[in-house]
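# Analysis of the macromolecular model
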Amino acid sequence: MSTQYQYDRLPSPSSIRLIELHPPSANKISFSIHATEINNTPPYDALSYTWGDPRCSYLEAEPDSSYYQANILAICNGRSIMIRRNLRDAMRMLQTASFAQLGRSKQRYIWIDALCIDQTNMTERSEQVMLMTLLYQKAESVIAWIGLEDATTQDALVVVDRLSSVSPTDMFNASADIYRVITAEDMLNPQSYHSKLGIDPITEQHWIAWVAFLHRPYFKRVWVVQEVTVAKSITVVCGSYILDWGSLSKAIWFIAHTKWFIRLHTKFISQFFEKGKAPIYSKMLSQPLDYGAGAMYLNQTRTGSEKAGKLYSLEALITNHRYCEATDPRDMIYALQGVANKNIRPFSTHGELMTPDYTVSVPTLYTTMARIMIRCYGDLRFLAHREGKKCGRRADLPSWVPDYSVKLFPDPLKMRGPNCNWCADGDLEWRLDDRRYDDPLLDTKGFLIGFVEAMSEEPAGDKDSDVLYTSYCNVALGLSTYYDLDPEPYLPVEEYVQSTQTRAEVLWRTLVADTFEGEHPAPQECGEQFLAHAAALNLRKLYEYKHTEGTLKERIKGKLHALMYHKFGWSINEKTITKWAKLFDSEPATSLYNTEMFLQKLSAIGDHFGNLNDDSSRDELSRPMSKFREERNLTLGIERHLFRTDGGLLGAGPLETQIGDEVWILLGSKTPVMLRDGSAGNKMLLGEAYVHGIMHGEVVDLGLDAVDVVLE
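For clarity, every value in this text was computed on a predicted model and none was experimentally measured. (Residues numbered from 1 in each chain as written. Predicted model: local features only at pLDDT ≥ 70, side-chain atom pairs only at ≥ 80, totals over all residues. Heavy atoms only, no water.)

### Quick word on the overall build of the protein chain
Summing up its helical and strand segments, the protein chain has 24 helices and 19 strands in all. Looking at the 712 residues of the protein chain, the share that counts as buried comes to 58%. A sequence separation of at least 24 residues applies to 74% of the contacts in the protein chain between residues at least 6 apart. If you sum the accessible surface of the protein chain, you get close to 28,500 Å²; carbon and sulfur atoms cover 49% of it. (Helix = DSSP H or I, 4+ residues; strand = E, 2+ residues; numbered from the N terminus. Buried < 20%, exposed > 50% of the residue type's maximum accessible area, 1.4 Å probe, protein only. Contact = heavy atoms within 4.5 Å. Areas by Shrake-Rupley, 256 points an atom, 1.4 Å probe, with all protein chains shown as cover.)

### Re the pairing of strand 7 (residues 142-147)
In terms of residue burial, strand 7 counts as a mostly covered element, since six of its six residues are buried. For strand 3 (residues 44-48) and strand 7, the ladder comprises three bridges, and the chain directions are parallel. For Ala46, the partnering residue across the bridge sits in strand 7 and is Val142. Bridge count for strand 7 against strand 8 (residues 234-238) is five bridges, and the pairing is parallel. Counted as the bridge partner of Ala144 is Val236 from strand 8. (Pairing = 2+ DSSP bridges.)

### A look at the packing of aromatic side chains
For the coordinates displayed, the defined rule picks out 23 aromatic pairs. Through successive ring pairs, a cluster of aromatic residues spans Tyr469, Tyr472, Trp508, Phe530, Trp580, Phe584, Tyr593, Phe598 and Phe628. (Phe/Tyr/Trp six-rings, centres within 6.5 Å; stacked < 30°, edge-to-face > 60°.)

### Observations regarding the nonpolar core
Nonpolar side chains in soluble globular proteins tend to end up buried together. With 196 residues, the main nonpolar core has Leu47, Leu163, Trp207, Trp210, Phe219 and Trp260 as its most contacted residues. Per element, the largest residue contribution to this core is ten residues, and it comes from helix 16 (residues 362-377). Setting aside residues no more than four positions away along its own chain, Trp260 makes contact with Leu163, Ile182, Thr183, Ala184, Asp186, Met187, Tyr193, Leu197, Trp207, Phe254 and Ile255. If you look at the next biggest cluster of nonpolar residues, it comprises six residues, including Cys420, Trp422, Tyr690 and Met695. (Core = buried A, V, L, I, M, F, W, Y, C linked by side-chain atoms within 4.5 Å.)

### Comments concerning the pattern of salt bridges
According to the stated counting rule, one finds 39 salt bridges in the structure shown. Between Asp186 and Lys196 there is a salt bridge, with its nearest N and O atoms 2.8 Å apart. One end of the pair, Asp186, is in the loop between helix 5 (177-180) and helix 6 (190-197); the other, Lys196, is in helix 6, with ten residues separating them in the sequence. For Asp186, a relative accessible area of 2% gives the class buried. Across the pair Arg640 and Glu688 runs a salt bridge, and its minimum N-O distance is 3.6 Å. Pair noted here: Arg640 is in strand 13 (residues 640-645) and Glu688 is in strand 17 (residues 683-688), with a separation of 48 residues, a long-range link. Because the salt bridges share partners, they merge into one network encompassing Glu315, Asp379, Arg381 and Lys414. (Salt bridge = Lys/Arg side-chain N within 4 Å of Asp/Glu carboxyl O.)

### Topic: the side chain of His692
Mapping His692 onto the fold places it in the loop between strand 18 (690-691) and strand 19 (707-711). In this structure the side chain of His692 is engaged in a polar contact, spanning 2.7 Å, whose partner is the side chain of Gln501. (Polar contact = N/O pair within 3.5 Å; in protein donor to acceptor, adjacent residues only side chain to side chain.)

### A short note on the confidence of the model for the protein chain
Scored by pLDDT, the protein chain comes out at a mean of 86, with 87% of its residues at no less than 70. Note on residues 541-574: pLDDT under 50 across the span, and 68 contacts to partners over four residues away in sequence or across chains. (pLDDT = per-residue confidence, 0-100.)

### Observations concerning helix 4 (residues 153-164)
Helix length check: helix 4, at twelve residues, gives a terminal C-alpha distance of 17 Å against a target of 16 Å (1.5 Å per residue), a fit within 8%. Buried residues along helix 4 sit against helix 7 (204-214), strand 8, strand 9 (241-244) and helix 9 (245-257). (Expected span 1.5 Å × (residues − 1).)

### Some details on helix 17 (residues 466-477)
With twelve residues, helix 17 should reach 16 Å at 1.5 Å per residue; the first-to-last C-alpha distance of 16 Å fits that figure. Summarising burial for helix 17: nine of the twelve residues are buried, a large majority. Of all the residues in helix 17, the buried ones are Asp466, Leu468, Tyr469, Thr470, Ser471, Tyr472, Cys473, Val475 and Ala476.

### As for the packing of helix 8 (residues 222-229) against helix 12 (residues 293-308)
Where helix 8 contacts helix 12, the two axes come as close as 9 Å, and the packing angle between them is 25°. By the angle between their directions, the pair helix 8 and helix 12 is classed as roughly parallel. Of the two elements, helix 8 crosses helix 12, and the hand of that crossing is right-handed. Across the interface between the two elements, Val224, Val225, Val228 and Thr229 of helix 8 pack against Leu298, Thr301, Arg302 and Ser305 of helix 12. (Axes fitted to C-alpha atoms, helices over the stretch in contact; angles between N-to-C directions. Parallel < 35°, antiparallel > 145°, perpendicular 65-115°, else oblique. Left-handed = near helix turned anticlockwise from the far one by under 90°.)

### Focus: the environment of Leu686
By the element assignment, Leu686 lies in strand 17. With 24 residues separating them along the chain, Leu686 and Glu662 place their C-alpha atoms 9.8 Å apart. Excluding residues that lie within four positions of it along the chain, Leu686 makes contacts with Arg386, Pro654, Glu656, Thr657, Asp661, Met674 and Arg676.

Below is the structure:
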C-alpha cells in the first residue's frame, strides 16, 4: 500500500495548488497536484460543491453518514489520500463528462478546495481563504456539482427547460409584457401554459421536483455565494444532466417576476397530490418547505453583479443570504465578506475589524458585526434584521443582535419596494453609543407610541383561514370610524383620495403595508381588489343564508363551491361573514367600503361566475383575489400579527407580540419597533413593525419627548 500523501509548504502566501486528473480507472481516482503562483497560472476550472451529503434531505428516509467521512482512498502524486464520497463522485464526473453541448471544453487543471488546501494547516487555510475570490474569478469555468441525479431530477429540469424558453432576455425586467398576463393560479392551470406561454404544461409533479432540486444543500451553502457570483461562466452538473447556469437563471427569474414563488411551497402543492400518488415525495410534502429562497437570492446576487459590473455591499449580502447555511456559524459572515465590495462601508470605515478570526466566539462576532453596521451606517436599520419567532434563534445573543445563522424571516419592511422610503423617525438627529463593539447592551433614544391592546390570531400558513379573517375584522372594529391621518409627509394633499381614512380602508392598507405592486401609497385599485377578495371569501358560504337573493344563490351554488373549496381549500364560516358584515355596516355612507359597495362587488362577482365557464371564471376572479392576497402575504405572511394600540393605531408586528407590548419609534430607525420590558429597566427588541399613519416622520408633529432606551 502506498504511503500517505504529505503536503509540501506553499512557496509563498500567493501560491496555490492545481490538480491534474489522470484517466479514469476502475479502482481508484488518481491525480497529480502542482503548485503555482495565482497570478501566473495555466488555464484551469474550479469545482463548486458541498463537502457533505448533496441530496435533498426531504426525499430521503434517513441521512447517510458515509457522506461526512473522508474514508475513500484516492491516489495523489502516487501516494494515498482519503476523500469524501461526494468529492469522489464529482471527480469521476470530471474524468468522463464532456461539456461540448455548451460549447465549452474542460481545462487540464482544476482547483478543488478540499485537496488544493492543506486543511490541517491553519495558517495556510487563512491565507488561502483570502485568495478565494480571485481563485474563482480567474477560473475559465466554475463547475457546479449539485450531486448525483435521483428519480426527481428529470422532472425538475423540465421546469428549467420550459420556463427558460419563454423568459425575456432582460431577466431583470419585471415589467415585461409576459408578466402582465400571468396570475398566481396560472401556475397549475394546464390551459394557461398553452394559451399564455405557448409551452407544454408544468404539472404539480414537475413543481414539487423543482422544489426538491432547489432544496439540495448546494443552493444553501454560504460559500457557494462567492463561488457563483464571481465566476466567468458556470456549468451546472447533476449526475448525467449538464446545463448552463443561464438557463437555470432564466427559470428562477421567471418564477420571481410572476410571483409564483409565493405559492411554490409544499403546503400549497400538497393540495393537488392524491394520497399515495407519488410516494417519493411523502416525507417532503409533510414538511413546510418554501420555494428555495437560497437559490433565488443566489441567482439575484450573480445576475445583479453581472449587470452592474460590481459587487454588492456586505449589508446587501447579509440581508439576502440569510437563507444560506454553514457548518461553522461564523462563516455566515466570513464567507460573504470575501465577495463583498471592499471599497464601501463597512470596509472603508472599519477595515481593521473585518479580518476573519475563528478564535472569536459566535455571540461576540455577531454582536460586533451588528454594532459595526450600526456605526458605519449611522442608523439602526439593522434592527430590522432581527428574525422572527419561527426561525429558531440562538438563546445566547442580545435581543437587538440578528442571528445570522438562521433565516431572516419575515422579510424586512424595506423590501416591500423602493418607493416606500420609510422614515418613521423623521430623520431626527441620533447619537451613536460609545460602548465596546462586543457589549451586549445598546444605548438608544426614542418615542413611546402606545401599548398593544388587541391582536389577530396567529397566521396558519397560506390558506385564507376564516378564523384569521374574523380576527382581522375584530381588531379593525375597535378603531375609530375615521383614522386621523395627515398624509402630507409622503404625499401631496391634492393627490390624496381622502383627508381621513375609514376603518375598512385602514385595514386593507395595513394588511399590505400600504403598498401594491411596488407602488406606495397603494392605489385605489388595491382597495377594489380588497373588496373583491372579501366578497370571494364570503361567497362560498353565502348561498346557504336564507336572506341571499335567489338569482345570485342559483348562480354561485355549485360552480363557486367547487372553485373556492376544491381549487383553493377555502372554508369560510358564518362567524366570518358576520364579522365582515359588521365591518362594512360600520362604514359611513360616503365610504368606498360600506355595505352597499360590498354588495355591489358581491353581486358582480356572482353574476360573473354565472356567465363564464369554469376556466375563464377562475382566471377572471383569481387576478384580483390573488394579487391582494400576494401583497398581504408579503406584509403579514405567517410571521406577523395584526395589532391595535391603546391609542387607536393599526399595525402589523412580530409574531412574538403580546398584549401590553410597546410600540416605539427609535431615533435612527426607519420603521417602528416592538419592545418588551427586560431586566434592570432595559428593553428587549421583538422586531420591526408597520404602523399605519406613522411611517413617514409624523412623530415629529406629535409633541412627544424622546427618552433614553437601553436594549439588552
